[in-house]
Amino acid sequence: SRDVTSLDNGLARTPPMGWNSWNHFGCHPSEKIVKQVADLFVSTGMRDAGYEYVNLDDCVFVGRNSSGFLVPDPETFPSGIASLADYVHSKGLKFGIYSCAGTETCQGRPGLYGFEDKDAEYFASVGVDFLKVDWCHTTGMNPKDRYTTIRDALLRVNRPIFYSMCEWGLDKPWEWAMPVANSWRISMDIKDFWERIAKITDDMEHLAPYAGAGGWNDPDMLEIGNGGLSEREEIAHMSLWCL
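Residues numbered from 1 in each chain as written. Predicted model: local features only at pLDDT ≥ 70, side-chain atom pairs only at ≥ 80, totals over all residues. Heavy atoms only, no water.

J.: Would you take a moment to explain the overall build of the protein for this structure?
T.: A tally of helices and strands in the protein yields 7 helices and 9 strands. Since a compact globule built from 243 residues should have a radius of gyration of about 18 Å, the 17 Å found for the protein is in line with a globular shape. For the protein, the C-alpha atoms occupy an extent of roughly 50 × 40 × 30 Å along the three principal directions. By the burial criterion, 50% of the 243 residues in the protein qualify as buried. Contacts in the protein between residues far apart in sequence, at least 24 positions, make up 67% of those at least 6 positions apart. (Helix = DSSP H or I, 4+ residues; strand = E, 2+ residues; numbered from the N terminus. Rg over C-alpha atoms; globule rule 2.2 N^0.38 Å. Buried < 20%, exposed > 50% of the residue type's maximum accessible area, 1.4 Å probe, protein only. Contact = heavy atoms within 4.5 Å.)

J.: What is the right way to look at the side chain of D58 in this model?
T.: By the element assignment, D58 lies in the loop between β2 (53-55) and β3 (61-64). For the buried D58, which has no salt bridge, the nearest side chain bearing the opposite charge is R109, at an N-O separation of 5.4 Å. Side-chain polar atoms of D58 contact the backbone nitrogen of C106, separated by 3.4 Å. (Lys, Arg positive; Asp, Glu negative; His and termini not counted. Salt bridge = Lys/Arg side-chain N within 4 Å of Asp/Glu carboxyl O. Polar contact = N/O pair within 3.5 Å; in protein donor to acceptor, adjacent residues only side chain to side chain.)

J.: Mind showing me how you'd approach the environment of C59 here?
T.: The topology assignment puts C59 in the loop between β2 and β3. In this structure C59 comes out as buried when scored by relative accessible area, which is 3%. For the pair C59 and D73, spaced 14 residues apart in sequence, the C-alpha separation works out to 8.2 Å. Beyond its immediate stretch of four places on either side in the chain, C59 contacts W22, C27, P29, F77, Q107 and R109.

J.: Got a minute to help me understand the pattern of salt bridges in this structure?
T.: Where charged atoms from two side chains of opposite charge come close, those side chains can pair. A complete count under the given rule lists 13 salt bridges for this structure. For D39, the salt bridge identified is with K91, shortest N-O distance 3.5 Å. One end of the pair, D39, is in helix α2 (residues 31-43); the other, K91, is in the loop between α3 (81-90) and β5 (94-100), with 52 residues separating them in the sequence. According to the relative accessible area criterion, D39 is partly exposed, its value standing at 31%. Judged by its relative accessible area of 25%, K91 is partly exposed. Here D220 ties to R185 by a salt bridge, and the two come within 3.4 Å at their closest N and O atoms. Of the two residues, D220 sits in the loop between β9 (216-218) and α7 (231-242) while R185 sits in strand β8 (residues 183-185), which places them 35 residues apart along the sequence. Taken as a pair, D220 and R185 share a single burial class, namely buried. Three or more residues are tied together by salt bridges with common partners; here these are R185, D189 and D220.

J.: Explain the pairing of β3 to me, please; I cannot follow it from the model alone.
T.: For a regular strand, side-chain orientation follows a simple rule: the groups alternate between the two sheet faces. The sheet contact formed by β3 and strand β4 (residues 70-72) spans 3 bridges and is antiparallel. Looking across to β4, one finds that R64 is bridged to L70. Hairpin geometry of β3 and β4 is characterised by an intervening segment of 5 residues between the two adjacent antiparallel strands and by a positive phi of about 90° at G68. (Pairing = 2+ DSSP bridges.)

J.: Explanation requested: the pairing of strand β6 (residues 130-134) in the structure shown.
T.: In terms of burial, β6 is largely enclosed, as 5 of its 5 residues are buried. Of the two faces of β6, the one holding F130, K132 and D134 and the one holding L131 and V133 are both buried throughout. Sheet analysis places β5 next to β6, joined by 5 bridges and oriented parallel. Within β6, the residue paired with Y98 across the bridge is K132. Of the crossover connections in this fold, the one passing from β5 over helix α4 (residues 116-126) to the parallel β6 is right-handed. Strand direction decides the pairing type here: β6 and strand β7 (residues 162-165), joined by 4 bridges, are parallel. Residue pairing across strands places L131 opposite Y163, the latter belonging to β7. (Right-handed = clockwise from strand over helix to strand, strands pointing away.)

J.: Which parts of the structure should I look at to understand the nonpolar core?
T.: Inside soluble globular proteins, nonpolar side chains tend to come together where they are buried. Judged by nonpolar contacts, the single largest core of 59 residues is most densely connected at I81, F95, I97, F123, Y147, Y163 and M165. Breaking this core down by element, the ones donating at least two residues are α2, α3, β5, α4, β6, α5 (143-155), β7 and α6 (194-204). In this structure M165 touches V133, Y147, P173, W176, A177, V180, A181, S183, W184 and R185, once residues within four positions along its chain are discounted. (Core = buried A, V, L, I, M, F, W, Y, C linked by side-chain atoms within 4.5 Å.)

Encoded structure:
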């Protein structure tokens, strides 16, 4: 990893494996979906094969309360996030959530800007194990500075949280993110067609030396099972993402 010290939170000794809601469910996640996925991880043997993270993406929170803490959508998460995290943990799995480095998330929900410590405290209190931080609504902000500020807030709470940077590779994060995060996106979003997957694979070609235990290049989430790829393309996609 270019002899750079990785983020010292004890996590990501190997690349993370699991599930994220976005590529299939978009802006329509729910606690029912998360519980079904957690159950399937156990019943299909995915958990025992090493797939441990069950992660929500955007469209979970609808605002903040009078104390500044995030408020989940009461219609799609009626039991609350802590209860949902408890359910995922009861299955021997880890629970992930999403936010954004800017003032709002990509779908216009509350962002981390100005609430770094407040949100880190909240995420730790409800049992979050994995945090993806996107890069929308960040005009005029410096990626390295913003992600470092968020890292520091996460390190101040008494819970190890896998820190996933999603800066889309704009500022060559592989050159500076090893001590900042546990993973960093190296490209714009994946899409459910082979040409995009092939382009991301090409983008990854020379980046292996920048990654290692504690910090990993992130080619984005798998598109397997979403309908846009043939069976042979899905097998190739999975194989390439395993390299």
